[in-house]
Amino acid sequence: MVRKPAVAGSFYPAEPMQLARMVDELLAMAQTPPTHAPKAVVAPHAGYVYSGPVAAYSFRALEPLAGKTPTVFLMGPAHYLAFEGVSTGNFTYWETPLGQVPVDTERVGELLERSALFTSADEPHTPEHSLEVELPFLQAVLGEFKLVPLLFGLVDPLAVAGHLEAVLRPGDLVVVSTDLSHYHPDAEARKLDAATLEAALALDAQELLQREACGRHPWAALTALADRRSWRPELLAYATSGDTSGDRSRVVGYAALRYD
């Protein structure tokens, strides 16, 4: 089963050459070349014209993994359909205009066998953008990789973290998809986002869950995992949609982080 793109042509270009060119240009603008591969990154998931310049910092950090065919545990929030647990879907491939990404069905099976917290329901994935928008960046940087798609519904992220820790193997990569505060004036958004980032950088998962970020549940799962494994977070970039759109009256916050 192939999960077809839901937001090609809206969140990012649907034409392959145009999309590849846009992603390459965004990556080239990210100013901090990586020196070694992180264990995890956090990236925003809005339309590329808004959040792409920040997202590029997260994915530029993955360049040392190019050609190594990692398994990517891609985690994001469900925006459109309420459900309990974390959905992997039943897909064997995820498709973007840049091609198809194989699902690591063995690793998905491990999670489904471990706990009823994980479900294979397809429906939450069908309209969802939070995982999809990260894939063209991953395709551009990594080339070949395998995917474990993890869409978070109503679930205890700290419990999810325990299961993730049990199944992660050396060379695996965790990617969390989240935006920060939504639709505040720019100055207020920056204050709210500073508090969110303070909690994330302190590896305080419980405090992060109290902050304003649409992907705070998958982000809290990563935070708990990072704390257990002594991964240290680093903020790579921060901006609001006002920085790209020019409208600072109602903005969305975006951040890029790496974990080493």
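See the structure printed just above.
Predicted model, so just to flag it, every value in this text is computed and none were measured.

Criteria and cut-off values
- Residues numbered from 1 in each chain as written.
- Predicted model: local features only at pLDDT ≥ 70, side-chain atom pairs only at ≥ 80, totals over all residues.
- Heavy atoms only, no water.
- Helix = DSSP H or I, 4+ residues; strand = E, 2+ residues; numbered from the N terminus.
- Buried < 20%, exposed > 50% of the residue type's maximum accessible area, 1.4 Å probe, protein only.
- Polar contact = N/O pair within 3.5 Å; in protein donor to acceptor, adjacent residues only side chain to side chain.
- Contact = heavy atoms within 4.5 Å.
- Axes fitted to C-alpha atoms, helices over the stretch in contact; angles between N-to-C directions.
- Parallel < 35°, antiparallel > 145°, perpendicular 65-115°, else oblique.
- Left-handed = near helix turned anticlockwise from the far one by under 90°.
- Nonpolar A, V, L, I, M, F, W, Y, C, P; charged D, E, K, R; others polar.
- Phe/Tyr/Trp six-rings, centres within 6.5 Å; stacked < 30°, edge-to-face > 60°.

Peer 1: Looking at this structure, how should I read the side chain of Ser181?
Peer 2: Locating Ser181 in the fold gives a position in the loop between strand S9 (173-177) and strand S10 (182-184). Assessed through its relative accessible area of 0%, Ser181 is described here as buried. A distance of 2.9 Å separates the side chain of Ser181 from the side chain of Asp193, its partner in a polar contact. Non-local contacts of Ser181, meaning those with residues more than four positions away in its chain, are made with Ala189, Leu192, Asp193, Glu212, Val251, Val252 and Gly253.

Peer 1: Help me out: how do you make sense of the packing of helix H5 (residues 157-167) against helix H8 (residues 216-229) in this one?
Peer 2: Each pair of packed helices can be summarised by the angle the axes make with each other and by the distance between the axes. Where H5 contacts H8, the two axes come as close as 8 Å, and the packing angle between them is 50 degrees. In this view, H5 runs oblique relative to H8, as classed from their interaxial angle. Crossing handedness for the pair H5 and H8: right-handed. On H8, the residues that touch Pro157, Leu158, Ala161, Gly162 and Glu165 of H5 are His217, Ala220, Ala221, Ala224, Leu225, Arg228 and Arg229. Among the residues making up the contact of H5 with H8, the classes are represented as 7 nonpolar, 2 polar and 3 charged.

Peer 1: How should unusual backbone geometry be read in this particular structure?
Peer 2: One non-glycine residue, Tyr183, lies in positive phi territory at about 70 degrees. Along the chain, the position of Tyr183 falls in strand S10. Taking relative accessible area as the criterion, Tyr183 reaches 48% and is therefore assigned partly exposed. Within the chain, Leu203 stands out as a residue other than glycine whose phi angle is a positive 55 degrees. Looking at the secondary structure, you find Leu203 in the loop between helix H6 (186-201) and helix H7 (205-209).

Peer 1: I'm lost on the packing of aromatic side chains in this one. Help?
Peer 2: One pair of aromatic rings is described through two measures. These are the centre distance and the angle between the planes. The tally for this structure, following the rule as stated, stands at 4 aromatic pairs. Each ring, one from Phe91 and one from Trp94, has its centre 5.9 Å from the other, and the planes form 80 degrees; the classification is edge-to-face. The buried category is assigned to Phe91, whose relative accessible area is 8%. Members of the aromatic cluster, connected to one another through ring pairs, are Tyr12, Tyr48, Phe59 and Phe137.

Peer 1: What exactly am I supposed to notice about the packing of helix H1 (residues 16-29) against helix H2 (residues 48-60) here?
Peer 2: Following both chains from N to C, one finds H1 and H2 inclined at 60 degrees, their axes separated by 8 Å at the closest point. In terms of orientation, H1 lies oblique with respect to H2. Both H1 and H2 take part in a crossing whose hand is right-handed. Only Tyr48, Val49, Gly52, Pro53, Ala56, Tyr57, Phe59 and Arg60 of H2 make contact with H1, whose side of the interface consists of Leu19, Met22, Val23, Leu26, Leu27, Ala28 and Met29.

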